[in-house]
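Chain by chain, the residues:
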Amino acid sequence: MAITGPADLHTHTNASDGTGDPADNVRLAKAAGLAAVAITDHDTMAGVDEAILEGERIGITVVPGVEVSTVSDGIDIHILGYYADWRNEEWLARLRSLRDVRGIRNEMMVQRLRELGIDITLDEVFAAAGRDGSGEETVGRPHIAQVLLKKGCVATMAEAFDRYLGTSGAAYVNPPRATPFQAVDWIREAGGTSVIAHPGLYGRDQLVEELIAYGVDGIEVYHSDHTPLDEQRYKELAERSGLIITGGSDYHGARGGVVFHGPMGGRSVDASVISRLRHPSGRSS
């Protein structure tokens, strides 16, 4: 049976750097009038099973997903993967390797903050994330920012990123990790569909063109941080290239009273696109 209605295909839970349980995201999606919601945590699919169970309970389609962290020429590039087999051991090992790099980056950032005179420890970051660093969940910059906010080092989460953790911040580091081209391969090999996440944030349209030529399946056209001009540009590019058009809020929940990046359902696409995410043109997966 075809799914009808809006779908938010980019949300995060506390399996990575969101604030709510996977089931919470599903309930919020239902309350927002969505027909479907994707769980796309950073470098983990640990929240997918819980979300699917809640979706079955309350009658909303849950799309299993992940947001893969990659680097190209020192710049963070994210690739969304939908319907990859989250029980495939090789795929899980690859995601684990990405989380290992995140762990190294967290250690490096904390050390830089200490060098800047800020009294912060990795244990405090783990506590902010509600975990001990083991397991399949990810710990990232928003958790470091939470500690800075709690200590009064910054007044807002945005200030934490502007001053310390963002790409121009004093404590920013970006160790080598997988390339976006590798992520496209890994997602495909796990039976999934690859989509370039929020391309308007990178300023790297040549790389977007290279990824299209390489065989990426789609582009996230609609995103909370895209301008109308971004959306128009990437919509035209996707249509010209025969790619899947997706969209989502990139909902992370609220920290310090601010919702990042947008509210649940703030950006969406018609749920009919889900059939293409399940079965991209020319592929039998």
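Residues numbered from 1 in each chain as written. Predicted model: local features only at pLDDT ≥ 70, side-chain atom pairs only at ≥ 80, totals over all residues. Heavy atoms only, no water.

1. Things to note about the packing of helix H4 (residues 122–129) against helix H5 (residues 141–150)
Then comes step 1: It is at 8 Å that the axes of H4 and H5 come closest, and there the two elements cross at 105 degrees. Classified by the angle between their axes, H4 and H5 sit roughly perpendicular to one another. Only His143, Ile144, Gln146 and Val147 of H5 make contact with H4, whose side of the interface consists of Glu124, Val125, Ala128 and Ala129. (Axes fitted to C-alpha atoms, helices over the stretch in contact; angles between N-to-C directions. Helix = DSSP H or I, 4+ residues; strand = E, 2+ residues; numbered from the N terminus. Parallel < 35°, antiparallel > 145°, perpendicular 65-115°, else oblique. Contact = heavy atoms within 4.5 Å.)

2. Side note on the pairing of strand E2 (residues 36–39)
Then comes step 1: Here E2 shows two buried faces, one formed by Ala36 and Ala38 and the other by Val37 and Ile39.
Then comes step 2: Relative to E2, strand E1 (residues 6–8) runs parallel, the two sharing two bridges. Paired with alanine 7 across the two strands is alanine 36, which belongs to E2.
Then comes step 3: In the classification by handedness, the crossover that spans E1, the intervening helix H1 (residues 22–31) and the parallel E2 is right-handed.
Then comes step 4: Two elements, E2 and strand E3 (residues 61–72), share four bridges in a ladder whose sense is parallel. Looking at E3, one finds that valine 37 is bridged to valine 62. (Buried < 20%, exposed > 50% of the residue type's maximum accessible area, 1.4 Å probe, protein only. Pairing = 2+ DSSP bridges. Right-handed = clockwise from strand over helix to strand, strands pointing away.)

3. Things to note about H1
Then comes step 1: Residues of H1 that are buried: Pro22, Ala23, Asn25, Val26 and Ala29. The buried residues of H1 occupy an angular sector of 155 degrees when the element is viewed end-on, so they sit on one face.
Then comes step 2: The positive-phi residue at the C-terminal boundary of H1 is glycine 33, with phi of around 85 degrees. (Arc of directions from axis to C-beta.)

4. With respect to the pattern of salt bridges
Then comes step 1: Using the criterion set out here, one finds 17 salt bridges in the structure.
Then comes step 2: Residues aspartate 43 and arginine 102 are paired through a salt bridge, measuring 2.8 Å at the closest nitrogen-oxygen approach. With aspartate 43 in the loop between E2 and helix H2 (48–58) and arginine 102 in helix H3 (residues 89–115), this residue pair connects regions lying 59 residues apart in the sequence.
Then comes step 3: According to the relative accessible area criterion, arginine 102 is buried, its value standing at 8%.
Then comes step 4: The closest approach of N and O atoms between arginine 267 and glutamate 231, which form a salt bridge, is 3.0 Å. Of this pair, arginine 267 sits in the loop between strand E9 (258–260) and strand E10 (269–270) while glutamate 231 is found in helix H9 (residues 228–241), placing the two residues 36 residues apart along the sequence.
Then comes step 5: Shared partners join several salt bridges into a network, and the residues in it are Asp24, Arg27, Glu54 and Arg57. (Salt bridge = Lys/Arg side-chain N within 4 Å of Asp/Glu carboxyl O.)

5. Structural notes on the nonpolar core
Then comes step 1: Membership of the largest hydrophobic core comes to 46 residues, with the highest contact counts inside it found for Leu9, Met45, Tyr82, Trp91, Ile196, Ile219 and Ile274.
Then comes step 2: In this structure, Ala129, Met157, Ala171 and Tyr172 belong to the second largest nonpolar core, which totals 21 residues. (Core = buried A, V, L, I, M, F, W, Y, C linked by side-chain atoms within 4.5 Å.)

6. Observations regarding the side chain of histidine 78
Then comes step 1: Note that histidine 78 resides in strand E4 (residues 75–82).
Then comes step 2: Owing to a relative accessible area of 14%, histidine 78 belongs among the buried residues under this scheme.
Then comes step 3: The contacts of histidine 78, once residues within four sequence positions are left out, are His42, Glu67, Val68, Ser69, Thr70, Val195, Ile196, Ala197, His198 and Tyr202.

7. A closer look at the layout of surface pockets
Then comes step 1: A volume near 790 Å³ is recorded for the largest pocket.
Then comes step 2: Taken together, 30 residues make up the lining of the largest pocket; nearest its centre are His78, Arg141, Phe161, Leu201 and His261.
Then comes step 3: Those elements that provide at least two residues to the lining of the largest pocket are E3, E4, H3, H5 and helix H6 (157–165).
Then comes step 4: Tallied by class, the residues present in the lining of the largest pocket amount to 10 nonpolar, 10 polar and 10 charged. (1 Å grid on protein atoms, 1.4 Å probe; cavity = no way out; pocket = protein on both sides within 12 Å on 5 of 7 lines; lining within 4 Å. Points joined across faces, edges and corners; volume = space filled by probe spheres on them. Nonpolar A, V, L, I, M, F, W, Y, C, P; charged D, E, K, R; others polar.)

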